[in-house]
Amino acid sequence: MMGKYTDILKRKKPDRTNEDDPVEALLAARLRERLRAVEQKNGKGSRHHIASNMPGIKGDGKHDDTSGIQSLLDEAKKKTNGISLYFPAGIYKLTATLMIHEGTRIECHPKAVFHKVHHRGMLKNIEKNSSDNGYEGNGNITIIGGVWDNNGHRYLGGTSFVFGHAKNLVFRDLTIKDVSPGHGMEINSSCNVVIDGCKFIGMAPKKRKLYSEAVQLDLMKSNGVFPWKKSHFDHTPCQDVMITNCYFGPSERLGSWGRAVGSHSATADRWHKRIIIANNIISATLQWGIRAYSWKDVTITDNIFDGCGAGLSIDPNYYGKNEVDSEDMFGNQTNDSNQVKRVTIQGNHFIKPGTHGSVMSITGDKRHDMLEVSITGNTIEGSASTNAIFLAHVAQSSLADNIIVGAGKGIKLTATTMVNVTGNIIQSITETGIEAFTGNRDLTIANNALSHVGGHGIWITGNDTTNISNNRLTGIGADFESENQGIRVTSSCNRISIIGNIFSNREPGFQMSCAIYTAACTSNALAIGNNAAGIGLELCEGMSASGNIE
């Protein structure tokens, strides 16, 4: 015998078994499974409701459904175990921001559309006069499905979803579209957050807000950072956040976001931590696809960045005399940054990034090196004139097995310590393949393959203790007049070992003037067992050399 919920679902939903709509068919199937369990709990005084059955809610696109939906959401305050709502297919007109309470679960048909016709956000979990602290605000909230249309081509209002001081937030299979301008979601001072299978499409650009993230992770710093609250700013950051299987990009009406995921506020001695961003597609952002600002314990894996202004940036908070991001929670200036540690960037694919910055920019600062960074197995294709991968003030880290094809510049390192650059494939680079400039120490550049590089293959300058070994350099130097070298060592490098590298001039249109060049100021250096047959070496006086083929 069919239950009440299943009967209503059959009447309200269109047929989703059509082969031309497999995604919505899958979502509808998920809802049917959930509702079979919900049916058994339904009855007088139940916490389970079908929205279209409730007073004041029609879902016809004409009637103002705001007060009806808000009355239903307010039922959560009367139930010790919260409420569960289902929104069938329809268009739900909203003329004000909805307030969602502790313990609310919302499930929506894939064609349930929430249509905003006002100049504010769509949904929030916090009141203006809130005195919440930590993660003790309205939490244990789940929102599944639905299209949340902000109509940013007609209405302002900024951020669509606002959540602060919350724990246990789940957002799945929903669409937030056409925000003007602002964030799709503000996740502030919250922990145990899952954002999975969602679409964030369309943001109306505004000159001063081109950085706006689809999902912003922020801390409860001030009214300027979080204008949805008047007072009680305790600087609580976010932690334990997973953003997976989502799409970020333009809509049919508006362009893409400033950034897909990121932060742009900080406080001394506060980090967003244990952040996982995986299996997402990020398309055409104006700036970085991801900007991790004062985060630690970060995992960014298996994402596709397609045509973004730049790929991703990992950096600590800014610091300085008048910099609010280096003030502590009491407003005292620390003039210090938050050291970033434990970052994994693996298996990501960057396609035709733009010129906003390096495709991957991984930087500590003069106060603190960034520690324990692993950058492995990523692919960069067709980047512009910027560096494909840039590391500065990074220590105890590895950059391995990445593929860079068709870039302006390859890999650049500055002021790094104990970094291994190994097993990378670097091809069709306009300028230098691998640069290690100024202040690098204890550096290994080994087992890399470089070909069709317009400038020098590997160029180190001002380094101390560097091992350059077992690299293959084929087709280096497109500009014959510039006398490009396979490996170039300049500016008072000390303790340099160049061992077992292989060089070839066989590629048409490329020619090294010499395989290895070491400037006269190089000290305590050796070149052993390098194969530069037919190309030659230019080694400085006093350099130890043996077993090389010229």
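All values derive from a computational prediction rather than experimental measurement. (Residues numbered from 1 in each chain as written. Predicted model: local features only at pLDDT ≥ 70, side-chain atom pairs only at ≥ 80, totals over all residues. Heavy atoms only, no water.)

**Description of the overall build of the chain**
The condition is simple: A run of DSSP states H or I qualifies as a helix once it reaches four residues; a run of E qualifies as a strand once it reaches two. Both are numbered from the N-terminal end. With a 1.4 Å probe rolled over the protein chains alone, any residue whose accessible area is under 20% of its type maximum counts as buried; one over 50% counts as exposed, and the rest are partly exposed. Only heavy atoms matter for contacts: two residues are in contact if any of them lie within 4.5 Å across the pair. Only the protein chains shown count as covering a residue, and every accessible area follows the Shrake-Rupley method with a 1.4 Å probe. Positive charges come from Lys and Arg, negative ones from Asp and Glu, while His and the chain ends are left out of the count. To locate a charge, take atom NZ for lysine, CZ for arginine, CG for aspartate or CD for glutamate.
Within the chain, the secondary structure is distributed over 3 helices and 50 strands. Counting only C-alpha atoms, the chain reaches 90 × 60 × 40 Å along its principal axes. Burial analysis of the chain (550 residues in total) assigns 57% to the buried set. Long-range contacts, defined as pairs at least 24 residues apart, comprise 67% of the intrachain contacts of the chain with a sequence gap of at least 6. When the accessible surface of the chain is split by element, carbon and sulfur atoms take 48% of a total near 21500 Å². Positive and negative charge centroids in the chain, built from 57 and 54 side chains respectively, lie 10 Å apart.

**What to know about the packing of aromatic side chains**
What counts, and what does not: Classification of ring pairs uses Phe, Tyr and Trp, with its six-membered ring standing for Trp, and accepts pairs whose centres are within 6.5 Å; under 30 degrees between planes counts as stacked, over 60 as edge-to-face, and the remaining range as tilted.
Applying the stated rule across the entire model yields 13 aromatic pairs. Seen from their ring centres, Tyr 293 and Tyr 318 are 5.4 Å apart, and the 55° between their planes marks the pair as tilted. Of the two residues, Tyr 293 sits in strand β23 (residues 288-293) while Tyr 318 sits in the loop between β26 (310-315) and β27 (341-346), which places them 25 residues apart along the sequence. Tyr 293 sits in the buried class, given a relative accessible area of 0%. Judged by its relative accessible area of 45%, Tyr 318 falls in the partly exposed class.

**Describing the environment of Ala 532**
Looking at the element boundaries, Ala 532 is found in the loop between β48 (523-528) and β49 (537-538). The class for Ala 532 is buried, based on a relative accessible area of 0%. As for Ala 532 and Ser 337, which are separated by 195 residues in sequence, their C-alpha atoms are 46 Å apart. If we skip the residues at most four places from it in the chain, Ala 532 touches Phe 503, Ala 515, Leu 537, Ile 549 and Glu 550.

**With respect to the confidence of the model for the chain**
Applicable threshold: By definition, pLDDT measures how confident the predictor is in each residue, and it falls between 0 and 100.
Per-chain confidence: the chain averages 91 in pLDDT, with 91% of residues scoring 70 or above. Across residues 1-19, confidence stays below pLDDT 50; counting only partners more than four residues off in sequence or on other chains, it has 31 contacts. Per-residue pLDDT stays below 50 along residues 38-44; that stretch engages in 10 contacts with residues further than four places along the chain or on separate chains.

**Overview of the side chain of Ser 294**
Applied cut-off: Pairing of N or O atoms within 3.5 Å defines a polar contact, subject to two protein rules: one partner must be a possible hydrogen donor and the other a possible acceptor, and residues neighboring in sequence count only if both atoms are side-chain atoms.
You can see Ser 294 is positioned in the loop between β23 and β24 (295-301). Residue Ser 294 is classed as buried on the basis of its relative accessible area, which comes to 2%. Separated by 3.0 Å, the side chains of Ser 294 and Asn 338 make a polar contact. Those residues in contact with Ser 294 that lie beyond four places of it in its chain are Ala 266, Arg 270, Trp 271, His 272, Asp 315, Pro 316, Asn 317 and Asn 338.

**So, the state of the cysteines**
What counts here: Count a disulfide wherever a pair of cysteine sulfur atoms falls within 2.5 Å.
A complete count under the given rule lists 0 disulfides for this structure. Of all cysteine sulfurs, the one in Cys 198 lies closest to Cys 108, which takes part in no disulfide; the gap is 11 Å. Looking at Cys 108, the relative accessible area reads 2%, which means it is buried. Left without a disulfide partner, Cys 540 is nearest to the cysteine sulfur of Cys 521, which lies 8.1 Å away. For Cys 540, a relative accessible area of 11% puts it in the buried group.

**Structural notes on the pattern of salt bridges**
Where charged atoms of side chains with opposite charge meet at close range, the side chains can pair. In plain terms, the rule: When a carboxyl oxygen of Asp or Glu is within 4 Å of a side-chain nitrogen of Lys or Arg, the pair counts as a salt bridge.
Considering all chains together, one arrives at 14 salt bridges under this definition. Here Asp 240 makes a salt bridge to Arg 274, at a shortest N to O gap of 2.5 Å. Pair noted here: Asp 240 is in strand β18 (residues 239-244) and Arg 274 is in strand β21 (residues 272-278), with a separation of 34 residues, a long-range link. The partly exposed category is assigned to Arg 274, whose relative accessible area is 37%. With a closest N to O distance of 4.0 Å, Glu 435 and Lys 412 form a salt bridge. Here Glu 435 is found in strand β38 (residues 434-437), whereas its partner Lys 412 is found in strand β35 (residues 409-414), with 23 residues between them in sequence. On the basis of relative accessible area, Lys 412 is assigned to the partly exposed category, the value being 22%.

**Concerning the pairing of strand β7 (residues 112-116)**
Here is the rule: A pair of strands counts as paired when DSSP detects no fewer than two bridges linking them.
Of the two faces of β7, only one is covered, namely that formed by Ala 112, Phe 114 and Lys 116; the face formed by Val 113 and His 115 stays uncovered. Here 5 bridges tie strand β4 (residues 90-94) to β7, and the two strands are oriented parallel to one another. Bridge pairing in β7 places Ile 91 opposite Val 113.

**So, unusual backbone geometry**
One non-glycine residue, Arg 274, lies in positive phi territory at about 55°. Its identity as a non-glycine residue notwithstanding, His 393 has a phi of 55°, on the positive side.

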